[in-house]
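Chains, contacts and geometry: an overview
Chain by chain, the residues run as shown.
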Amino acid sequence: MCSLPVPREPLRRVAVAGGTHGNEMSGVYLVRHWLLAPAELQRPSFSAAPVLANPAAAAACRRYVDRDLNRAFTSTFLNSRPTPDDPYEVMRARELNQLLGPKASGRAFDFVLDLHNTTANMGTCLIAGSSHDVFALHLCRHLQLQYPELSCQVFLYQRSGEESYNLDSVAKNGLALELGPQPQGVLRADIFSRMRALVATVLDFIELFNQGTAFPAFELEAYRPVGVVDFPRTEAGNLAGTVHPQLQDQDFQPLQPGDPIFQMFSGEDLLYEGESMVYPVFINEAAYYEKGVAFVQTEKLTFSVPAMPALTPAPSPAS
Ligand SMILES: [Zn+2]
């Protein structure tokens, strides 16, 4: 896998998507607001388009109607022949691929920002594809410097060799904001305001880049998934215990072998039996019960992100 090419021209086609999961309310309501009052998304060199990604799920206040939209942007779904029996989200993924992509094409949007909430205590989490997404990682660095009090963590979701599957992967560059903890279907003012401020800073960063700002190389700390752990379950598939109180809300904190991870209904503690320390994230995320995930194990890595050179002004038509 090689680095995504750093943009060599201004980013003009930009979208801000919310409601990719219809019960993650910060993005749903920010986008509904911006559809009525889009001036907040305008900058001198571009205007970002607000997109309600899954309108049927947002109307029903559910994560999805038929299947998870944010796993549907794979070549299998996007390129298969449409049939009347296709799940709603597969049809919607194809529509969004037409609107914002096509994925991996020169016609794709320059940048898509996708807005999410989690029920886990992940604070301000910035989700990029991989350590090769140079533009997105400079954006993460910019957000960290602008909001030191938020201690923004960077999560690289893509496992090596795995095809990207999420909404912002249809654009040339993208990032997701994952803010929590917020219950599904609930709008909290603090998280709503934080997301709104972060979106404004993302657009300001794109404007800086478009105006010819260069960004120096830096060292970045990030987390990437190495596995998942399901709840202890009965033979019937029901829960046999809860996330342990000592693990609850401890996202991005080190978990050592021997630390308790589940409290069984029988009363005993279940201990972490991994071979090495991991950093759990998405701990007790409501949407992941059905995916068989009580938490995601990550490892922390530090790597260098190369400098991003300034755009050179386009030659004037006369020259
Ligand atoms: Zn989400």
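Let us look at the structure shown here. If you're wondering where the values come from, they're calculated on a predicted model, not measured in any experiment. All residue numbers refer to position in the chain's written sequence, counted from 1. Given that this is a predicted model, residues contribute local features only at a pLDDT of at least 70 and side-chain atom pairs are listed and counted only at 80 or more, while totals for whole chains, interfaces and linings are drawn from all residues. As a rule here, side-chain values come from all non-hydrogen atoms in the structure, and water together with hydrogens is ignored.

**A closer look at the packing of aromatic side chains**
- Geometry of aromatic contacts follows a simple scheme: Phe, Tyr and Trp rings, the Trp one being its six-membered ring, pair when their centres are within 6.5 Å, and the pair is stacked under 30 degrees between planes, edge-to-face over 60, tilted otherwise. Using the criterion set out here, one finds 12 aromatic pairs in the structure.
- An aromatic cluster is present here, built from Phe111, Phe135, Phe205, Phe209 and Phe215 joined pairwise through their rings.

**Comments concerning the sheet that holds strand S10 (residues 260-264)**
- Strand order in the open sheet formed by three strands is S9-S10-S11, and the pairing between neighbours is antiparallel. Each having just a single partner strand, strand S9 (241-243) and strand S11 (269-271) make up the two edges of the open sheet. Direction aside, neighbouring strands of the sheet carry axes that sit 30° apart on average. Two strands are counted as paired when DSSP detects at least two bridges linking them. Elements are defined by DSSP. Helices are runs of H or I of four residues or more, strands are runs of E of two residues or more, and each kind is numbered from the N terminus. All axes are obtained by fitting lines to C-alpha atoms, using only the stretch in contact for helices, and the reported angles, taken between N-to-C directions, cover 0 to 180 degrees.

**Observations regarding the coordination of the zinc ion**
- The protein atoms donating to the zinc ion are His21 (ND1), Glu24 (OE), Glu24 (OE) and His116 (ND1), with metal-donor distances spanning 2.1 to 2.4 Å.
- In this structure, the zinc ion is coordinated by four donor atoms arranged in irregular fashion, with angles at the metal of 58 to 151°.
- Take Glu24: its relative accessible area is 5%, and that puts it in the buried class. Metal donors were taken as nitrogen, oxygen and sulfur atoms no farther than 2.8 Å from the ion, or 3.2 Å where the ion is Na, K or Ca. Water is excluded, so coordination may look unfinished. Irregular is the label for any site that misses the other tests, which are tetrahedral for four donors with all angles between 85 and 135 degrees, and square planar for four donors or octahedral for six when opposite donors exceed 155 degrees and the remaining angles lie between 65 and 115. Only protein chains enter the accessibility calculation, which uses a 1.4 Å probe; a residue is then buried when its area is under 20% of its type maximum, exposed when over 50%, and partly exposed in between.

**Regarding the packing of helix H5 (residues 134-146) against helix H6 (residues 189-210)**
- At a closest axis distance of 10 Å, the pairing of H5 and H6 adopts a crossing angle of 120°. What the angle tells us is that H5 and H6 run oblique. Crossing hand, H5 versus H6: right-handed. Along the contact surface, H5 presents Phe135, His138, Leu139, His142, Leu143 and Gln146, while H6 presents Leu198, Thr201, Val202, Phe205, Ile206, Leu208 and Phe209. When describing relative orientation, an angle under 35 degrees is termed roughly parallel and one over 145 degrees roughly antiparallel, while 65 to 115 degrees is termed roughly perpendicular and anything else oblique. Note on convention: near helix rotated counterclockwise from far helix by under a right angle means a left-handed crossing. Clockwise means right-handed. In what follows, a contact means two residues having at least one pair of non-hydrogen atoms within 4.5 Å.

**Side note on the pairing of strand S4 (residues 111-117)**
- For S4, the buried fraction is high: seven of the seven residues fall into the buried class.
- Of the two faces of S4, the one holding Phe111, Leu113, Leu115 and Asn117 and the one holding Val112, Asp114 and His116 are both buried throughout.
- As paired strands, S4 and strand S7 (residues 173-179) are joined by seven bridges and run parallel to one another. Bridged to His116 within S7 is Glu178.

**Description of the pattern of salt bridges**
- Whenever Lys or Arg places a side-chain nitrogen within 4 Å of a carboxyl oxygen from Asp or Glu, that contact is recorded as a salt bridge. All chains considered together, the criterion is met by 12 salt bridges.
- Put simply, Lys291 and Asp68 hold a salt bridge, and the shortest N to O gap is 2.9 Å. With Lys291 in the loop between strand S12 (279-281) and strand S13 (295-305) and Asp68 in the loop between helix H2 (55-60) and helix H3 (75-79), this residue pair connects regions lying 223 residues apart in the sequence.
- With relative accessibility at 6%, the residue Asp68 sits in the buried group.
- For Arg94, the salt bridge goes to Asp86, with nearest N and O atoms at 2.9 Å. Across this residue pair, the class does not change: Arg94 and Asp86 are buried.
- A single network of salt bridges, built from pairs that share partners, joins Glu24, Arg63, Asp68 and Lys291.

**Things to note about unusual backbone geometry**
- The peptide bond linking Gly101 to Pro102 adopts the cis configuration, its omega dihedral lying at -5°.
- Its place among the elements puts Pro102 in the loop between helix H4 (88-100) and S4.
- Of the consecutive residues Gly180 and Pro181, the connecting peptide bond is found in the cis state with omega at 5°.
- Inspection of the secondary structure puts Pro181 in the loop between S7 and H6.
- Here Phe282, not a glycine, exhibits a phi torsion of approximately 50°, which is positive.
- Assignment of secondary structure puts Phe282 in the loop between S12 and S13.
- On the accessibility criterion, Phe282 (5% relative accessible area) is buried.
- The backbone of Asn284 sits at a positive phi, close to 60°, despite the residue not being glycine.
- If you trace the backbone, Asn284 turns up in the loop between S12 and S13.
- Residue Asn284 is classed as partly exposed on the basis of its relative accessible area, which comes to 21%.

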